[in-house]
Amino acid sequence: PYRIKVMWALGFAYQLQGDRALAREVYTEAINIGQSSGNIYYTILATSGLGDVQVLENQLHLAAETYRHVLQLHGDDPQPIAGEDHLGLARICYEWNDLDTAERHAQQSCQLERLYEPVIDRLIISEVFLARLKLARGDVTGAATMLAQTEQTARQKNFILRLPEIAAVQ
């Protein structure tokens, strides 16, 4: 159990450093370890990380498959961390101009992120994406309302790091 945790953390570290090739390699090894040991939690984290790397490499079809796979791993009662995978799929669908599917995944992301109260940061990211989606559909009033609420939450919870992102969409 410790080896997969370390491999996932190493993959994440490489991803943060911008070394996508090493991140992909380590995430893949972590996934193999997780599948053989039955450690579903870190298999999910590593698979999600692999999807993120695939997005960074502009392998959107492969990333979409990876995110769908990781959502299957979550099962019928997904944990709040599945919100990130839904957001990944939402962003890909947005790029493909499939706005209905993008909205469905973004809504699911927000719903799951609300369950994980201590980490409001991820909810803010999902809500900002939903506001962008509203703008793409021409709903300026809905986007403005959502961004005002999101900005208020960011200020109340002291997530000032997200304020420039909110302002950019405003």
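Residues numbered from 1 in each chain as written. Predicted model: local features only at pLDDT ≥ 70, side-chain atom pairs only at ≥ 80, totals over all residues. Heavy atoms only, no water.

Asks: Could you clarify how one ought to interpret the overall build of the protein in this entry?
Replies: Regarding its fold elements, the protein presents nine helices and zero strands. Helices and strands in the protein line up, N terminus first, as α-α-α-α-α-α-α-α-α. Computed over C-alpha atoms, the radius of gyration of the protein comes to 16 Å, within 12% of the 15 Å expected from 2.2 N^0.38 for 170 residues, which places it in the range of a compact globule. Judged by the C-alpha coordinates and their principal axes, the protein covers about 50 × 35 × 35 Å. (Helix = DSSP H or I, 4+ residues; strand = E, 2+ residues; numbered from the N terminus. Rg over C-alpha atoms; globule rule 2.2 N^0.38 Å.)

Asks: Looking at this model, I keep getting lost on the environment of R20. Mind explaining?
Replies: If you trace the backbone, R20 turns up in helix α2 (residues 20-37). Sequence spacing of R20 and Q54 is 34 residues, and the spatial spacing of their C-alpha atoms is 8.6 Å. Those residues in contact with R20, other than ones at most four positions away along the chain, are V53, L56 and E57. (Contact = heavy atoms within 4.5 Å.)

Asks: Explain the side chain of S48 here, please?
Replies: The topology assignment puts S48 in helix α3 (residues 40-56). Ignoring any residue separated from it by four or fewer positions in sequence, one finds S48 in contact with Y67, V70 and D85.

Asks: I keep staring at α3 and nothing clicks. Help me out?
Replies: A rise of 1.5 Å per residue sets the reference length of α3, with its 17 residues, at 24 Å; its end C-alpha atoms lie 24 Å apart and thus fit the reference within 8%. Taken residue by residue, α3 has Y42, T43, I44, L45, A46, T47, S48, G49, L50, G51, V53 and Q54 as its buried positions. Residues of α3 that are buried in the fold lie against α1 (2-17), α2, α4 (60-74) and α5 (82-95). The distance from a side-chain oxygen at the start of α3 to the backbone nitrogen of Y41 is 3.4 Å, and the residue carrying that oxygen is N39. Of the residues flanking the end of α3, it is N58, one or two places downstream, whose phi is positive at about 60°. (Expected span 1.5 Å × (residues − 1). Buried < 20%, exposed > 50% of the residue type's maximum accessible area, 1.4 Å probe, protein only. Polar contact = N/O pair within 3.5 Å; in protein donor to acceptor, adjacent residues only side chain to side chain.)

Asks: Which parts of the structure should I look at to understand the pattern of salt bridges?
Replies: Pairs can form between side chains of opposite charge whenever their charged atoms are close. Inspection of every chain in the model, using the stated rule, returns 10 salt bridges. Measuring nitrogen to oxygen at the nearest pair gives 2.9 Å for the salt bridge that ties R137 to E103. Here E103 lies in helix α6 (residues 99-114) and R137 lies in the loop between α7 (120-136) and α8 (140-156), a separation of 34 residues in the sequence. In this structure, D121 engages R162 in a salt bridge whose closest nitrogen and oxygen atoms are separated by 2.7 Å. (Salt bridge = Lys/Arg side-chain N within 4 Å of Asp/Glu carboxyl O.)

Asks: Before we go on, may I ask you to explain the packing of aromatic side chains in this structure?
Replies: For any two aromatic rings, the description comes down to two numbers: the centre-to-centre distance and the angle of the planes. This structure, assessed with the given rule, holds four aromatic pairs. Ring centres of W8 and F12 lie 5.8 Å apart, and the angle between their planes is 10°; on these two criteria the pair is classed as stacked. Of the two residues, W8 and F12 both sit in helix α1, four residues apart, roughly one turn of that helix. On the accessibility criterion, W8 (21% relative accessible area) is partly exposed. Residue classification places F12 among the partly exposed positions, given a relative accessible area of 36%. (Phe/Tyr/Trp six-rings, centres within 6.5 Å; stacked < 30°, edge-to-face > 60°.)

Asks: Which parts of the structure should I look at to understand the confidence of the model for the protein?
Replies: Detailed reading of the predicted coordinates is not advisable wherever pLDDT is low. Of all residues in the protein, 98% attain a pLDDT of 70 or more, and the chain-wide mean is 94. Across the protein, the secondary-structure element scoring lowest on mean pLDDT is α7, at 92, and the one scoring highest is α4, at 97. (pLDDT = per-residue confidence, 0-100.)

Asks: Honestly, the environment of K5 in this entry has me stumped. Any pointers?
Replies: If you trace the backbone, K5 turns up in helix α1. By relative accessible area, which is 43% here, K5 ends up partly exposed.

Asks: Quick question: what am I supposed to make of unusual backbone geometry here?
Replies: Peptide bonds are mostly trans, and most non-glycine residues show a negative phi. Positive phi outside glycine occurs at N97, with the angle close to 65°. Note on placement: N97 falls in the loop between α5 and α6.

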